[in-house]
Amino acid sequence: ALEEAEDNLVIDPHSRSVMEGAIQVESLRVRDVMVPKAKMVLISSDASTKELLEVMISSSHSRFPIHNQEQDGILGVILAKDLLSYFAGNGGGEFNYREYMRDALSVPESKPLGSLLREFQQSKSHMAIVVDEYGEIAGLVTLEDVLEQIVGEIEDEHDQEEDYIIDHGDG
């Protein structure tokens, strides 16, 4: 039906792509789009303010799970804007992340993406920790990961563009 609508110029190719993405999102699971644990940017629960800043600056992310290494669990999530707010308010010394930590949403890796999207909307959350069938951390998933399945890749100012122009020298 979407192909026919596009052929009859009822919708444009981009609209068709978004509609197909919205339909397909119901058939995908969290495990299909999550960032695996090995690639997660975690902040240790015993990190100093300096270490916290270094991780935040080098990763260019805005949300960071606080990892308790002893129990291999996530205590909560810190937002970079909370750290900025702390320093902007003339906060000196060590940043006590526990004062700013937010609860981490946990979801099973088998959860349907459509259901996760509704949960993100209801909880006003943008990130969830993905757990496997044993309750172990499997990875994380963000609202952006889900939306990209619907609308396609969302590039931001920190994403690296592929350079298809190669300088071979001498013109």
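Structure: see above.
Some points on the overall build of the protein chain
So, point 1. Helix and strand counts for the protein chain stand at eight helices and seven strands.
So, point 2. Taken against the 2.2 N^0.38 rule, which gives 16 Å for 171 residues, the C-alpha radius of gyration of the protein chain at 20 Å runs more than 25% over that of a compact globule.
So, point 3. Viewed in the frame of its principal axes, the protein chain has a C-alpha envelope of about 65 × 55 × 30 Å.
So, point 4. Expressed as a percentage of the 171 residues in the protein chain, the buried residues total 35%.
So, point 5. For the protein chain, the proportion of contacts with a sequence separation of at least 24, taken over those separated by at least 6, is 49%.
So, point 6. Only carbon and sulfur atoms are counted for the fraction: they give 48% of the accessible area of the protein chain, which is about 11,300 Å².
So, point 7. For the protein chain, the distance from the average site of its 13 positive side-chain charges to the average site of its 35 negative ones is 10 Å.

Some points on the packing of aromatic side chains
So, point 1. In the structure shown here, the tally under the stated rule is three aromatic pairs.
So, point 2. Seen in terms of ring centroids, Y86 and F95 are 5.1 Å apart; in terms of plane orientation they differ by 70°. Their pairing is edge-to-face.
So, point 3. Among the residues examined, Y86 registers a relative accessible area of 15% and is labelled buried.
So, point 4. Residue F95 is classed as buried on the basis of its relative accessible area of 6%.
So, point 5. Each ring, one from Y86 and one from Y100, has its centre 6.3 Å from the other, and the planes form 80°; the classification is edge-to-face. Of this pair, Y86 sits in helix α5 (residues 80-88) while Y100 sits in helix α6 (residues 97-100), and the two are 14 residues apart along the sequence.

A closer look at helix α8 (residues 143-151)
So, point 1. Within α8 the residues assigned to the buried category are L143, D145, V146, E148 and I150.
So, point 2. In this structure, the buried residues of α8 make contact with α2 (13-24), α3 (30-33), β1 (35-36), α7 (113-123) and β7 (137-142).
So, point 3. One or two residues past the end of α8 sits G152, with phi positive at roughly 95°.

Some remarks on a negative patch on the surface
So, point 1. A cluster of like negative charges, contributed by D46, E51, E70 and E94, occupies part of the molecular surface.
So, point 2. Along the polypeptide, D46 turns up in the loop between β2 (43-44) and α4 (49-59).
So, point 3. With a relative accessible area of 62%, D46 lands in the exposed category.

Describing the side chain of K111
So, point 1. By the secondary structure assignment, K111 is in the loop between β5 (105-108) and α7.
So, point 2. With residues near it in sequence (within four places) discarded, K111 still touches L28, R29, V30, L116 and E119.

Overview of the nonpolar core
So, point 1. In this structure, V30, V107, L116, F120, V141 and V146 are the most contacted members of the largest nonpolar core, which totals 17 residues.
So, point 2. Among the elements of the structure, α3, β5, α7, β6 (127-131), β7 and α8 are those that each provide at least two residues to this core.
So, point 3. In terms of residue count, α7 provides more of this core than any other element does, four residues in total.
So, point 4. Once residues within four sequence positions are removed from consideration, V146 is found in contact with V25, L113, L116, L117, F120 and V141.
So, point 5. Counting residues in each nonpolar core, the second largest holds eleven residues, with F64, I66, I78 and Y97 among its members.

So, how was this worked out
Residues numbered from 1 in each chain as written. Predicted model: local features only at pLDDT ≥ 70, side-chain atom pairs only at ≥ 80, totals over all residues. Heavy atoms only, no water. Helix = DSSP H or I, 4+ residues; strand = E, 2+ residues; numbered from the N terminus. Rg over C-alpha atoms; globule rule 2.2 N^0.38 Å. Buried < 20%, exposed > 50% of the residue type's maximum accessible area, 1.4 Å probe, protein only. Contact = heavy atoms within 4.5 Å. Areas by Shrake-Rupley, 256 points an atom, 1.4 Å probe, with all protein chains shown as cover. Lys, Arg positive; Asp, Glu negative; His and termini not counted. Charge placed at Lys NZ, Arg CZ, Asp CG, Glu CD. Phe/Tyr/Trp six-rings, centres within 6.5 Å; stacked < 30°, edge-to-face > 60°. Patch = residues over 30% accessible without salt bridge, like charges linked within 9 Å, V, L, I, M, F, W, Y side chains within 5 Å. Salt bridge = Lys/Arg side-chain N within 4 Å of Asp/Glu carboxyl O. Core = buried A, V, L, I, M, F, W, Y, C linked by side-chain atoms within 4.5 Å.

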